[in-house]
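Descriptive analysis of the structure
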2 protein chains.
Amino acid sequence: MSSRFYRAPDNKQNPRPETGVLLIVEVIAVGTELLLGQITNRNAAYLGDKLAESGFDAHYQVVVGDNLDRMVDCIATAMGRADAIILTGGIGPTQDDVTREAIAAATGRSLEFNAEFAESLRKFWETRGREMPESNLRQAEYPEGAEQIGNPKGTAPALALEHDGCWIFALPGVPAEMQFLMEHEILPRLRDLAGVDHVVLSRLIRSWGRSESQVAELLDDLYNRSTNPSLAFLASAGEIKVRITAKAPTEADAVELIAPYEEIVRERLGASVFGVDDETIEKVVLDLLNERGWTIATAESATAGMIAARIASVPGASQVFRGGAVVYATDLKASILDVPQEVLDEGVVSDATALFMAEGAARRFRTDVAVAVTGSAGPDPQERAVGTMIIAVHTPEGSGSRVMRLPGDRERIRTYAATAALHLVRLAMVGEWWER
Amino acid sequence: MSSRFYRAPDNKQNPRPETGVLLIVEVIAVGTELLLGQITNRNAAYLGDKLAESGFDAHYQVVVGDNLDRMVDCIATAMGRADAIILTGGIGPTQDDVTREAIAAATGRSLEFNAEFAESLRKFWETRGREMPESNLRQAEYPEGAEQIGNPKGTAPALALEHDGCWIFALPGVPAEMQFLMEHEILPRLRDLAGVDHVVLSRLIRSWGRSESQVAELLDDLYNRSTNPSLAFLASAGEIKVRITAKAPTEADAVELIAPYEEIVRERLGASVFGVDDETIEKVVLDLLNERGWTIATAESATAGMIAARIASVPGASQVFRGGAVVYATDLKASILDVPQEVLDEGVVSDATALFMAEGAARRFRTDVAVAVTGSAGPDPQERAVGTMIIAVHTPEGSGSRVMRLPGDRERIRTYAATAALHLVRLAMVGEWWER
């Protein structure tokens, strides 16, 4: 770790040597359109991901408008708490592109002019047979001592400047240009400067069927005990994800650090674990069907096609997915899926109806497996209380149904029911209905 | 404007009275997963848009991890430069949800416990027949003096606290919960507190069938001429929205400012205008069906339930939506929808197949209207080039089909095709197929 990156405790926030963090990097996105919500700050997500991958730490991300004073304020603050700063945006040719000026002001440097680059700019425009607006020459300016880094995907050069042991990088806001320069110019410099000698690896364990707080309680000791690997919980759309992140000299070492924790997590969460990393439940279900050489059909009332659409979203779904019926009107449950009228008379939102729907779908669509949903999505209750969803699964090994009470509004209830249906198909195929 | 919101020049950044900005609001998004780029900070974009719409100003947006010290640091900084702070995330039940603690620490207040709310939490879990993990009780805590705002879309209550003339609001990170609370609880409070003496009104004119540049060209003069009302173009998922925004003393005045512009926009964009504001195409289609007393069915191959799911997403859809078939496998197009085998032999991705699918669906599901989609969504082409989607619409007044070539990946192609299908149903019902 080069002395340049020694962190004075007074102005840098708790470095975590024990986790091997060599650099704290702060991302500052420049652009009033970001503050106004006209653009989503995807650049920050991309940079955060790339930095974490390399084992660099991010404590803050900031968005600031095209305003010189506030940009200087942000850069000065970041210099006081980070080893490196990555600015995105504001290095173009227009009047509101003032990132160059802001870096100069924040570091008390003058703006120099790169005549050679200005010449290449003119040539660039000439070859396109157009006259260059003078404002473009702003792109030839740079804070004294800064390096201009050529931008092969655009005209605005990136900037790199060291000041008081903090490195400041300025990148374009255009994602394609920013990403190319980050990958090929900035990341390699950061890794060299930091003398990176380790990797950071994350493993995502995905589960369904337990609440986030139940999962947290089951893993409480791991969460509190361990800093490397470290645990985090992420909840989204009814799924609870446990992320295990390890820092180690080599990828193999990181994998070794993670493995025992993954084992414990799987052991404690049991059958609720359905996949890892970017495996979705629809993908997992399709893989299970492919393994068994089974096909699947859907029979949907309340979810009205959501389950089918999600299964078909996986490329190659046609190998096992044949189709399904959306039977919203009660009489169609009889005419399309052969649900006996007397069963419907006893209750459309019932286990019996759901089971007949699933069996009817398997027969009519000639599949081995079928999943059916009937329920009361609201806003007005249908037979049962709003949020009551009944899911039935039919496989060559048997059939079963489950009554669920889901919270939220119509859209959330339907989405969660579709997710639950896919998970119950998996549990039925692996021979485990999740016990509550 | 209440004196509480007087801005001392030393710690608040240039207010902009000329644009009627009454409040400076800073958004702080909490979550290590944001810093790591595992989640894109769409909440900040949503909040930035809502705040700007109401004439509030945003100078900075900040993202901070689940770290108490750094959150306190961010809140303290924001209190020094904003009139109001909106925090998103970190108010859930797990160990890493520390927004409540951070607000208490930043304002030097103690954490109180709301026993009544704790009781309601227990009841919430009881009604779901599950035992509540103790950690959930964290959601009953609040900084002394803060108001807990009920969260009808989730369990974690939002928080509102005034401290030293700065208002601090804490919202959940889950977008649906955050957006609901922002719209129904936080925005009205901000407007009251600021004593907003003018209204900012936006009218969204929604169109489909023209490119953004075509729309921009048709409205170029309005766009350049007018500052109040002002025009903006928004493109999303194939729809082009024109937003007309007016600032006026009263809502009636704003409506009056907007009306003549809406008239011109409608006149120039013609039949491509399908709705205004939050009217979705599915809602518009359902309203048209209700007017005519017609029912509708779907027949989907490539979109595999997407159209049905979108129609059923509208509350009350059951009045006119009866159901539909997902016929992914070719043989089901014949067995379920009676598409003649010789037609299928000539081409599954063909106008004839699409037309027979629509007519079969109307007959089998006993509806007046039916819409069918067959196509090649990729990644591997099926008969026709990837992106080729054929949409047929059947109404009591006739049938028609349209071949579309859609860009993008599998998911985008399917989503755009579902949107196009709904728009073509509308155009068929109003007697206008959009000419290219």
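As the structure is a computational prediction, the values presented were derived from the model and not from experiment. (Residues numbered from 1 in each chain as written. Chains lettered and ligands numbered in written order. Predicted model: local features only at pLDDT ≥ 70, side-chain atom pairs only at ≥ 80, totals over all residues. Heavy atoms only, no water.)

**Considerations on the overall build of chain A**
The helix and strand tally for chain A stands at 15 helices and 17 strands. Taking 436 residues into account, the globule formula puts the C-alpha radius of gyration at 22 Å, and chain A, at 28 Å, lies well above it. With the principal axes as the frame, chain A shows a C-alpha extent of 85 × 55 × 40 Å. Looking at the 436 residues of chain A, the share that counts as buried comes to 58%. A fraction of 68% describes how many contacts in chain A between residues 6 or more apart in sequence connect residues 24 or more apart. A total accessible area of about 16900 Å² is found for chain A, and carbon and sulfur atoms account for 49% of it. (Helix = DSSP H or I, 4+ residues; strand = E, 2+ residues; numbered from the N terminus. Rg over C-alpha atoms; globule rule 2.2 N^0.38 Å. Buried < 20%, exposed > 50% of the residue type's maximum accessible area, 1.4 Å probe, protein only. Contact = heavy atoms within 4.5 Å. Areas by Shrake-Rupley, 256 points an atom, 1.4 Å probe, with all protein chains shown as cover.)

**Here's the deal with the pattern of salt bridges**
Enumeration according to the criterion identifies 46 salt bridges over all chains in this entry. Close ionic contact of Arg-363 of chain B with Asp-338 of chain B constitutes a salt bridge, the shortest N to O distance being 3.2 Å. In this pair, Arg-363 of chain B is assigned in helix 14 (residues 351–364) and Asp-338 of chain B in the loop between helix 12 (330–335) and helix 13 (341–346), connecting sequence segments 25 residues apart. One salt-bridge network, held together by shared partners, links Arg-203, Glu-262, Arg-266 and Asp-277 of chain A. (Salt bridge = Lys/Arg side-chain N within 4 Å of Asp/Glu carboxyl O.)

**A few points about unusual backbone geometry**
Glycine aside, a negative phi is what most residues show, and trans is what most peptide bonds show. Residue and element names in this part refer to chain A. Looking along the chain, the bond that leaves Gly-378 and enters Pro-379 is cis, with omega of 5°. A positive phi angle, near 50°, is found at Asp-277, a position not held by glycine. Within the element layout of this structure, Asp-277 appears in the loop between strand 12 (273–276) and helix 10 (281–292). Its identity is not glycine, yet Ala-304 carries a phi of approximately 45°, on the positive side. In this structure Ala-304 comes out as buried when scored by relative accessible area, which is 0%.

**Concerning the sheet that holds strand 15 (residues 369–375) of chain A**
Spatially, 17(A)-16(A)-15(A)-13(A)-14(A)-14(B)-13(B)-15(B)-16(B)-17(B) is the arrangement adopted by the 10 strands of the open sheet, whose pairing is mixed. Looking at which strands have only one partner, the edges of the open sheet turn out to be strand 17 (398–405) of chain A together with strand 17 (398–405) of chain B. Averaged over all adjacent pairs, the angle separating strand axes in this sheet is 10°, with direction ignored. Here strand 13 (residues 296–300) of chain A pairs with strand 14 (residues 321–327) of chain A via 5 bridges, running parallel. Across the sheet, the residue bridging to Ala-299 of chain A is Ala-325 of chain A, located in strand 14 of chain A. (Pairing = 2+ DSSP bridges. Axes fitted to C-alpha atoms, helices over the stretch in contact; angles between N-to-C directions.)

**So, the packing of aromatic side chains**
All names here are of chain A. Scanning the entire structure with this criterion turns up 6 aromatic pairs over all chains. The interplanar angle of 15° and the centroid separation of 5.8 Å between the aromatic rings of Trp-167 and Phe-169 together place this pair among those described as stacked. By the burial criterion, Trp-167 is buried, and Phe-169 matches it. Measuring from ring centre to ring centre gives 5.6 Å for Tyr-223 and Phe-233, while their planes differ by 20°; the resulting arrangement is stacked. Of this pair, Tyr-223 sits in helix 8 (residues 220–225) while Phe-233 sits in strand 10 (residues 230–236), and the two are 10 residues apart along the sequence. (Phe/Tyr/Trp six-rings, centres within 6.5 Å; stacked < 30°, edge-to-face > 60°.)

**What about the packing of helix 2 (residues 42–53) of chain A against helix 6 (residues 175–194) of chain A?**
Residues and elements named next belong to chain A. Contact geometry for helix 2 and helix 6: axes closest at 11 Å, N-to-C directions at 25°. With respect to helix 6, the axis of helix 2 lies roughly parallel. For the element pair helix 2 and helix 6, the recorded crossing hand is right-handed. Facing helix 2, whose interface residues are Asn-43, Tyr-46, Leu-47, Lys-50 and Leu-51, helix 6 presents Pro-175, Met-178, Gln-179, Met-182, Glu-183, Leu-187 and Leu-190. Partitioned by chemical class, the residues of the contact of helix 2 with helix 6 number 8 nonpolar, 2 polar and 2 charged. (Parallel < 35°, antiparallel > 145°, perpendicular 65-115°, else oblique. Left-handed = near helix turned anticlockwise from the far one by under 90°. Nonpolar A, V, L, I, M, F, W, Y, C, P; charged D, E, K, R; others polar.)

**What to know about the domain arrangement of chain A**
The assigned domain composition of chain A is domain 1 (25–194), domain 2 (199–276) and domain 3 (281–435). Distance between the C-alpha centres of domain 1 of chain A and domain 3 of chain A: 51 Å. (Domains from an automatic or database assignment.)

**Examining the side chain of Glu-262 of chain B**
By secondary structure assignment, the location of Glu-262 of chain B is in helix 9 (residues 251–269). If sequence neighbours within four positions are ignored, Glu-262 of chain B has contacts with Arg-203, Ile-205, Ile-244 and Val-276 of chain B.

**Let's talk about the state of the cysteines**
Evaluation of the coordinates by the stated rule reveals 0 disulfides over all chains. Lacking any disulfide linkage, Cys-74 of chain A is separated from the closest cysteine sulfur, that of Cys-74 of chain B, by 11 Å. Between Cys-166 of chain A, a free cysteine, and Cys-74 of chain A, which holds the nearest cysteine sulfur, the sulfur-to-sulfur gap is 14 Å. (Disulfide = S-S within 2.5 Å.)

**What about the interface of chain A and chain B?**
Every contact between the two is made by 76 residues of chain A and, on the other side, 75 residues of chain B. Note on chain A versus chain B: buried area summed over both sides is about 5900 Å², and carbon and sulfur give 52% of it. Ranking the residues of chain A by area buried against chain B places Leu-35, Gln-61 and Arg-70 of chain A at the top, with a combined share of 11%. At the junction of chain A with chain B, the criterion picks out 8 salt bridges. Of the charged contacts in the structure, one is a salt bridge between Arg-366 of chain A and Asp-331 of chain B, with a shortest N-O distance of 2.7 Å. Our enumeration of links across chain A and chain B arrives at 32 residue pairs in polar contact (both at pLDDT 80 or more). The biggest single contributor to the side of chain A that touches chain B is strand 14 of chain A, with 7 residues. Its residues placed into classes, the side of chain A that touches chain B shows 35 nonpolar, 20 polar and 21 charged. With 5 bridges connecting them, strand 14 of chain A and strand 14 (residues 321–327) of chain B associate as antiparallel partners. Within strand 14 of chain B, the position partnered with Val-326 of chain A by the bridge is Gly-324 of chain B. (Buried area = accessible area lost by both parts, 1.4 Å probe. Polar contact = N/O pair within 3.5 Å; in protein donor to acceptor, adjacent residues only side chain to side chain.)

**Focus: the nonpolar core**
One finds Leu-337 of chain A together with Leu-337 of chain B to be the most contacted residues of the largest nonpolar core, which totals 46 residues. Contact partners of Leu-337 of chain B, with chain neighbours within four places excluded, come to Ala-299, Ala-325, Val-327, Leu-332, Phe-356, Met-357, Gly-360, Ala-361, Arg-363 and Phe-365 of chain B. (Core = buried A, V, L, I, M, F, W, Y, C linked by side-chain atoms within 4.5 Å.)

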